[in-house]
Amino acid sequence: MKKNRKIVIKVGTKVLTSKDRGLDKLRVRDIASQVSDIRKKGIDVLIVTSGAIGSGMWLLGMKKRPLELASLQAAAAIGQNYLMQLYSEYFKEYGYLTAQILLTQEDFNDRKRYLNIKHTIDAILKHNVVPIINENDTVATDEIRCGDNDRLSSLVADIAGCDTLIMLTDVDGLLDENGSVINTVTDVSQKVMRLAGKSHCDLGTGGMATKLASARAASKAGIDCIIANGRAKNILYRIVVDGEGVGTKIICDKKSHDAKKRWIAYSSKAKGSICVDDGARSALCHGNKSLLASGIVGIDGDFASGDVIVISDRQGSEFARGVSNYSAIDVNKIKGLKSRDFKGILGCKAKDEVVHKNNLVIL
Ligand code: GLU
């Protein structure tokens, strides 16, 4: 077994809810028991759990997922409390404390907040405490949502420097056309994505397609992913400690970028976009150059200096992402110009480049 292992376990709503749709307490206890056994082998474990909205709905006697945002967020607030209560009670039985972390996409967009999450997770693990993470559904609106906990789990796996992400769901893994589990995926191609189909339930979000997309992103960060049935006996221990090949394993690529560039390419959400001419596109893609204002032909969105933006060509196809040194208002003023002109127009010149090559990722 590899040394210094660190893993994320993502537990979906379907794994946690029982027939009457309340939380299946035995399942929560079983997860706590398996995670504690894994932890005792010296492996750090983080849990990304769903189930807040489902529990809240059950506690409030709601039969259908509410459509109104405030009711959904109220259900999440009520359910999250109950969910954490169960996790902390059961982990305590096995000798572990738990720490609740609630995140939104906004926390990943800002580099300082991003690094702060990382340091906090490190500190929690140093105390031998199990971090239990969910989206902060009570404040998250569409603009600031991670989207689903599949994506959130891959963001967490990357930020925490994990080697493995296990996504527990209610099926045995990705199925082929004949309904047999595919054991290994080395490339999440279009063909593989087509096998995922669409699956949704009214308690949580996500499905096989979002799991594969998240696995693909995690794989670019050098993280292996396993999609497995959370209801199968001892599933976590068998995968992590015994190394049993159950479920579908998505084998990772070599790390494609360093941590900061992965943050730019995947973890953060772009706040706007810059359109460039063919010369600039070629200089960025083939010349390893920074983006200068002279090659910019258009901008879109309301970004600030320091925000991540998308860079697209004249045909509108997105080929890079980077951190802008200037706000949208300022880029609009300096686009097409040389940097020696910036001072006269902006009153000051901060940087020669609009996006420095060290803060730029070609997709
Ligand atoms: N954060 C949601 C919850 O706890 C679930 C989101 C998801 O299932 O992807 O209910």
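Everything below is about the structure shown above.
All of these numbers come straight from a predicted model, not from anything done at the bench. (Residues numbered from 1 in each chain as written. Predicted model: local features only at pLDDT ≥ 70, side-chain atom pairs only at ≥ 80, totals over all residues. Heavy atoms only, no water.)

J.: Describe the overall build of the protein, naming the residues involved and giving the relevant values.
T.: Across its full length, the protein holds 14 helices and 13 strands. Here the C-alpha atoms of the protein give a radius of gyration of 22 Å, agreeing with the 21 Å that 2.2 N^0.38 yields for 363 residues. Projected onto the principal axes, the alpha-carbon positions of the protein cover approximately 70 × 40 × 40 Å. For the protein, buried positions account for 51% of its 363 residues. A separation of at least 24 residues holds for 72% of the contacts in the protein among residues at least 6 apart in sequence. (Helix = DSSP H or I, 4+ residues; strand = E, 2+ residues; numbered from the N terminus. Rg over C-alpha atoms; globule rule 2.2 N^0.38 Å. Buried < 20%, exposed > 50% of the residue type's maximum accessible area, 1.4 Å probe, protein only. Contact = heavy atoms within 4.5 Å.)

J.: Give me the sheet that holds strand β13 (residues 360-362): which residues, what numbers.
T.: Reading across the sheet, the five strands line up as β10-β9-β11-β12-β13 and stay open at both edges, with mixed pairing between neighbours. Each of the sheet's edge strands pairs with one partner strand only, and the pair in question is β10 (296-301) and β13. Strand after strand, the sheet turns through a mean of 25 degrees between neighbouring axes, direction not considered. Pairing geometry for strand β9 (residues 272-276) and β10, over five bridges, is antiparallel. If you follow cysteine 275 over to β10, its bridge partner there is glycine 298. (Pairing = 2+ DSSP bridges. Axes fitted to C-alpha atoms, helices over the stretch in contact; angles between N-to-C directions.)

J.: Would you mind going over the nonpolar core in detail, with residue names and values included?
T.: In a soluble, globular protein the nonpolar side chains are often hidden away together inside. Core analysis: the biggest nonpolar cluster contains 44 residues, and Leu46 and Leu212 have the highest contact counts within it. Not counting residues within four places of it along the chain, the set of residues in contact with leucine 212 comprises Leu174, Val188, Val192, Met193, Ala196, Ile227 and Ile250. With 34 residues, the next largest nonpolar core counts Ile7, Val45, Tyr87 and Phe91 among its residues. (Core = buried A, V, L, I, M, F, W, Y, C linked by side-chain atoms within 4.5 Å.)

J.: I'd like a description of a nonpolar patch on the surface, backed by residues and values.
T.: Together, Trp58, Leu59, Leu60 and Ile78 make up a nonpolar patch on the protein surface, roughly 330 Å² of accessible area in all. With respect to the secondary-structure elements, tryptophan 58 resides in helix α3 (residues 52-59). Since its relative accessible area comes to 34%, tryptophan 58 is described here as partly exposed. (Patch = residues over 30% accessible without salt bridge, like charges linked within 9 Å, V, L, I, M, F, W, Y side chains within 5 Å. Areas by Shrake-Rupley, 256 points an atom, 1.4 Å probe, with all protein chains shown as cover. Salt bridge = Lys/Arg side-chain N within 4 Å of Asp/Glu carboxyl O.)

J.: Help me get a handle on the packing of aromatic side chains, residues and values and all.
T.: For the structure on display, the rule yields four aromatic pairs. A ring pair is formed by tryptophan 58 and tyrosine 82, whose centres lie 6.1 Å apart and whose planes are at 35 degrees; its orientation type is tilted. Of this pair, tryptophan 58 sits in helix α3 while tyrosine 82 sits in helix α4 (residues 69-93); the two residues are 24 residues apart in sequence, bridging distant segments of the chain. With 5.7 Å between their ring centres and 80 degrees between their planes, tyrosine 326 and phenylalanine 342 make a pair best called edge-to-face. (Phe/Tyr/Trp six-rings, centres within 6.5 Å; stacked < 30°, edge-to-face > 60°.)

J.: Which residues make up the environment of asparagine 325, and what values go with them?
T.: With respect to the secondary-structure elements, asparagine 325 resides in the loop between β12 (318-323) and α13 (328-334). On the basis of relative accessible area, asparagine 325 is assigned to the buried category, the value being 15%. For asparagine 325, the side chain forms a polar contact with the main-chain oxygen of glutamate 353, separated by 2.9 Å. (Polar contact = N/O pair within 3.5 Å; in protein donor to acceptor, adjacent residues only side chain to side chain.)

J.: Tell me what's going on with helix α9 (residues 208-220), and back it up with residues and numbers.
T.: Counted at 1.5 Å a residue, the expected span for α9 with its 13 residues is 18 Å, and the 19 Å between its end C-alpha atoms agrees. The complete set of buried residues in α9 reads Met208, Lys211, Leu212, Ser214, Ala215, Ala217, Ala218 and Ser219. Downstream of α9 by a residue or two, glycine 222 has a phi angle that is positive, lying close to 80 degrees. (Expected span 1.5 Å × (residues − 1).)

J.: Outline the pattern of salt bridges, listing residues and values.
T.: Under the criterion given, the structure shown has eleven salt bridges. A salt bridge links arginine 27 to aspartate 24, with the nearest nitrogen and oxygen atoms 3.7 Å apart. Accessibility assignment for this pair places arginine 27 and aspartate 24 in one class, buried. In this structure, the salt-bridge partner of glutamate 244 is arginine 238, at a minimum N-O distance of 3.1 Å. Overlapping salt bridges, with partners in common, bring together Lys10, Asp150 and Lys211 in one network.

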